[in-house]
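Inside the fold
What follows is the residue order along each chain.
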Amino acid sequence: MFGRLLRVTAVLAAPALLSACAAISAVNDIGKSLEVYELRPPASIATVRGRPLQRDVIVELPTTSGALETDRIMIRPNALQAQYLPGVRWSEETPVMVQTLMLRSVEATGAVRYVGRKPLGPGGDYALVTEVVDFQAEVADEAEAATVRIRMIVRVVRERDARIVASRTFEATAASASLETPDVVSAFDAAAGQAMTDFAAWLPGVVRG
């Protein structure tokens, strides 16, 4: 449908004598053959000068739509349709991967005493409550490249009174060089890097207050 990126894998109906166990085994074999890609925080994140703030920041697992609650790499041929790149997957489900990127990005700033998925004690000072709105490659008919779009809403919640002290939407896009999978993943890396750089630059000023 969209050239090499969206080549269709045909699944033939199994013969009547094919056992259920054999069918399950075939599905598992297909799953094991998927190539795995991983995104990492950008090296360009600025380190905060001086001593870390005496703050504990908890990065909660982001929420998202059902279509993104998977380790498959999403593509959208239009605004109402979700598909996935064949033969490849992320190293983690999308919400977990975004949580990891956020955590590592905050760590890279050196701005706070502790950042983690769970508090060290009864509770942290701030919790990051995130909604991932977009995390997909968008491909139009007959296009020769894809546009990766990432958008996430981050809310900083003060734990002692559950008050939202700041909220911001981070959005980034990047164009792929072609429709080949490595080029599309590179565009994901560029867009995620921009979003995480902006997020990491914003957060220290929020928790300092």
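Rules and cut-offs
Residues numbered from 1 in each chain as written. Predicted model: local features only at pLDDT ≥ 70, side-chain atom pairs only at ≥ 80, totals over all residues. Heavy atoms only, no water. Helix = DSSP H or I, 4+ residues; strand = E, 2+ residues; numbered from the N terminus. Buried < 20%, exposed > 50% of the residue type's maximum accessible area, 1.4 Å probe, protein only. Contact = heavy atoms within 4.5 Å. Core = buried A, V, L, I, M, F, W, Y, C linked by side-chain atoms within 4.5 Å. Phe/Tyr/Trp six-rings, centres within 6.5 Å; stacked < 30°, edge-to-face > 60°. Pairing = 2+ DSSP bridges. Expected span 1.5 Å × (residues − 1). Axes fitted to C-alpha atoms, helices over the stretch in contact; angles between N-to-C directions. Parallel < 35°, antiparallel > 145°, perpendicular 65-115°, else oblique. Left-handed = near helix turned anticlockwise from the far one by under 90°. Nonpolar A, V, L, I, M, F, W, Y, C, P; charged D, E, K, R; others polar.

**Side note on the overall build of the protein**
When its secondary structure is counted, the protein shows three helices and ten strands. Helices (α) and strands (β) of the protein occur, in sequence order from the N terminus, as α-β-β-β-β-β-β-α-β-β-β-β-α. Here the protein holds 209 residues, and the buried ones make up 41% of them. Expressed as a percentage of contacts within the protein between residues at least 6 apart in sequence, the contacts between residues at least 24 apart total 69%.

**Some words on the nonpolar core**
Ranked by internal contacts, the top residues of the largest apolar core, which has 51 residues, are Trp 90, Met 102, Phe 135, Phe 188, Phe 199, Trp 202 and Leu 203. For this core, the leading source of residues is helix H3 (residues 181-208), giving 13 residues. Excluding anything up to four places from it in sequence, Phe 199 contacts Met 102, Val 106, Leu 128, Met 152, Val 154 and Phe 170.

**Some details on the environment of Gly 209**
Note on placement: Gly 209 falls in the segment after H3. For Gly 209 and Val 165, which are 44 residues apart along the polypeptide, the C-alpha to C-alpha distance reads 9.2 Å.

**Notes on the packing of aromatic side chains**
If you walk through the whole model with that rule in mind, you get five aromatic pairs. Ring geometry for Trp 90 versus Phe 135: centroids 6.2 Å apart, planes at 75°, classification edge-to-face. In this pair, Trp 90 is assigned in strand S6 (residues 88-90) and Phe 135 in strand S8 (residues 126-138), connecting sequence segments 45 residues apart. For the pair Trp 90 and Phe 135, a shared accessibility class is recorded, and that class is buried.

**Description of the pairing of strand S5 (residues 81-84)**
Pairing analysis gives three bridges linking strand S4 (residues 74-78) to S5, with the strands arranged antiparallel. By the bridge assignment for S5, Asn 78 is matched with Gln 81. Taking the residues between adjacent antiparallel strands as the criterion, S4 and S5 are bridged by two residues.

**Some thoughts on helix H2 (residues 94-109)**
The end-to-end C-alpha distance of H2 is 23 Å, a good match for the 22 Å that 16 residues give at a rise of 1.5 Å each. Counting buried residues along H2, twelve of its 16 residues qualify, which places the element largely inside the surrounding structure. When H2 is considered as a whole, its buried residues turn out to be Thr 94, Pro 95, Met 97, Val 98, Gln 99, Thr 100, Leu 101, Met 102, Leu 103, Ser 105, Val 106 and Thr 109.

**Here we look at the packing of H2 against H3**
Packing of H2 against H3 leaves a shortest axis separation of 9 Å and a crossing angle of 50°. Of the possible angle classes, the one that applies to H2 and H3 is oblique. The handedness of the crossing between H2 and H3 is right-handed. Residues Val 98, Leu 101, Met 102, Ser 105, Val 106 and Thr 109 of H2 form the contact with H3, whose participating residues are Ala 192, Met 196, Phe 199, Ala 200 and Leu 203. Classifying every residue of the contact of H2 with H3 gives nine nonpolar, two polar and no charged.

**Comments concerning unusual backbone geometry**
A positive phi angle is found at Glu 142, which is not glycine, with a value near 65°. With respect to the secondary-structure elements, Glu 142 resides in the loop between S8 and strand S9 (147-158). Of note, Ala 162 is a non-glycine position whose phi angle comes to about 55°, a positive value. As for its position among the elements, Ala 162 is in the loop between S9 and strand S10 (163-175).

**Concerning the pairing of S8**
Where strand S2 (residues 53-59) meets S8, three bridges bridge the pair, whose relative direction is parallel. The residue bridging Val 57 from the neighbouring strand is Tyr 126, located in S8. Relative to S8, strand S3 (residues 63-64) runs parallel, the two being bridged by two bridges. What sits directly across from Thr 64, in S8, is Val 132. Of the pairings in the sheet, the one linking S4 to S8 comprises two bridges and is parallel in character. Residue pairing in the sheet places Arg 76 in a bridge with Glu 138 of S8. As judged from the twelve bridges shared by S8 and S9, these two strands associate in the antiparallel manner. Note on S9: the bridge partner recorded for Thr 130 is Val 154.

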